Amino acid sequence: MNKKKIIYPTLLFLVIAGVAIGVRLWPRTIPDAQCSELYEKYAKVEGIGATFIKDYRVNDSVTVDVTVLEATDSVGWQELRTDFKLSGIQKETSKRMGKNISYKYVPKKDYTKGTDTTNILNNDCVAINYTDSTLCIFHYNDEETQKAIVDLLFQHMYSKTSINTK
C-alpha cells in the first residue's frame, strides 16, 4: 500500500511535467490567413521552402513579420532571382567577396517592380543571402521599424554573418 501512495503521485507529476514541457517546446504554427501573401504564393512551389515568422525580434523594442524563402535547388534559386530581379552575383562570387548578405527594397504588392522612391513605407525590405540561396522579406509599416531592420542588416553585413531565422 505504501508503494502505491508514492508511485501514483510521482507518475502523475511526471506526466503533468512532461505535458507542460512538450507544450512549451512544441513548434507553433499560425493559420495561413495570418501569413503574408508572399508566403501563400511560394508555400507550395517546388524547389522553394517558404516560412512565415510572426513578430521576429529585430532589437529590444521592435518586432516585425518576416517571410523567408529558401531555394532548395538551382531551379528554385533561379525562380527567386527572376521574380525578385536579383543581380548576377552567384554563390561562388559571394564566397570570394566574403559577402553573406545584401538588401534591397521592393514594392509591397509587386516584387517585380523597382523600389518605390516616393515613400519608403510602400516597400518591403529584402535581405538576400547569396551563399545560402535565401531571401528574408521584412514586412514593415513605420519608419522606426524600417530603420531597425537596416541596422540589423548592417550588423550582419559587417560581421559577415547570416540572419538567424531558424
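In what follows, the structure referred to is the one given above.
Being a predicted model, the structure only gives us computed values, none of them experimental.

Asks: Before we go on, may I ask you to explain the pattern of salt bridges in this structure?
Replies: Pairs may arise between side chains of opposite charge once their charged atoms sit close together. Evaluated as defined, the whole model comprises two salt bridges. Linking aspartate 65 and lysine 54 is a salt bridge whose minimum nitrogen-to-oxygen distance equals 3.6 Å. Of this pair, aspartate 65 sits in strand β2 (residues 63-71) while lysine 54 sits in strand β1 (residues 48-57), placing them eleven residues apart in sequence. Lysine 54 sits in the partly exposed class, given a relative accessible area of 39%.

Asks: I'm lost on helix α3 (residues 74-83) in this one. Help?
Replies: Working note: α-helix, 3.6 residues per turn, so residues spaced by three or four point in the same direction. Among the residues making up α3, those that are buried are Gly76, Trp77, Leu80, Arg81 and Asp83. In this structure, the buried side of α3 is in contact with α2 (37-42), β1, β2, β4 (123-129) and β5 (134-139). Its side-chain oxygen at 3.2 Å from the backbone nitrogen of valine 75, aspartate 73 defines the N-terminal cap of α3. A positive backbone phi angle near 50 degrees is found at lysine 85, which sits one or two residues after α3.

Asks: Is there a simple way to think about the nonpolar core in this case?
Replies: Note on soluble globular proteins: their nonpolar side chains tend to be buried together. Core analysis: the largest hydrophobic core is formed by 20 residues, its most contacted members being Tyr42, Leu69, Trp77, Leu80, Phe84, Leu135 and Ile137. At the level of elements, α2, β1, β2, α3, β4 and β5 are the ones that each hand at least two residues to this core. Setting aside its immediate chain neighbours within four residues, leucine 69 contacts Leu38, Tyr42, Ile48, Gly49, Ala50, Leu80, Phe84, Ser133, Thr134, Leu135 and Ile137. Core analysis: the second largest hydrophobic core is formed by 19 residues, Val58, Val64, Tyr105 and Ala127 among them.

Asks: What should I look at first to understand the side chain of threonine 67 in this one?
Replies: Within the fold, threonine 67 resides in strand β2. Once residues within four sequence positions are removed from consideration, threonine 67 is found in contact with Ser36, Leu38, Tyr39, Thr51, Phe52, Leu135, Cys136, Ile137 and His139.

Asks: Would you explain unusual backbone geometry in this entry?
Replies: The bulk of non-glycine residues show a negative phi, and the bulk of peptide bonds are trans. Even without being a glycine, aspartate 55 presents a positive backbone phi close to 60 degrees. Tracing the backbone through its elements, the reader meets aspartate 55 in strand β1. Notably, serine 133 is not glycine yet its phi reads approximately 55 degrees, a positive angle.

Asks: It is not clear to me how the sheet that holds β1 should be interpreted in this structure. Could you clarify?
Replies: Whether parallel or antiparallel, the strands of a sheet pair through hydrogen bonds between backbone atoms. With antiparallel pairing, five strands are arranged side by side in an open sheet as β1-β2-β5-β4-β3. At either end of the open sheet lies a strand with only one pairing partner, and these are β1 and β3 (101-107). Taking the axes of each pair of neighbouring strands and ignoring which way they run, one obtains an average angle of 20 degrees across the sheet. Here β4 runs beside β5; their pairing, made up of five bridges, is antiparallel. For valine 126, the partnering residue across the bridge sits in β5 and is isoleucine 137. Most of the contacts of α3 go to β2, to which it runs at about 130 degrees, and overall it touches β1, β2, β4 and β5.

Cut-offs used in this document
Residues numbered from 1 in each chain as written. Predicted model: local features only at pLDDT ≥ 70, side-chain atom pairs only at ≥ 80, totals over all residues. Heavy atoms only, no water. Salt bridge = Lys/Arg side-chain N within 4 Å of Asp/Glu carboxyl O. Helix = DSSP H or I, 4+ residues; strand = E, 2+ residues; numbered from the N terminus. Buried < 20%, exposed > 50% of the residue type's maximum accessible area, 1.4 Å probe, protein only. Contact = heavy atoms within 4.5 Å. Polar contact = N/O pair within 3.5 Å; in protein donor to acceptor, adjacent residues only side chain to side chain. Core = buried A, V, L, I, M, F, W, Y, C linked by side-chain atoms within 4.5 Å. Pairing = 2+ DSSP bridges. Axes fitted to C-alpha atoms, helices over the stretch in contact; angles between N-to-C directions.

Structural measurements only, silent on function.
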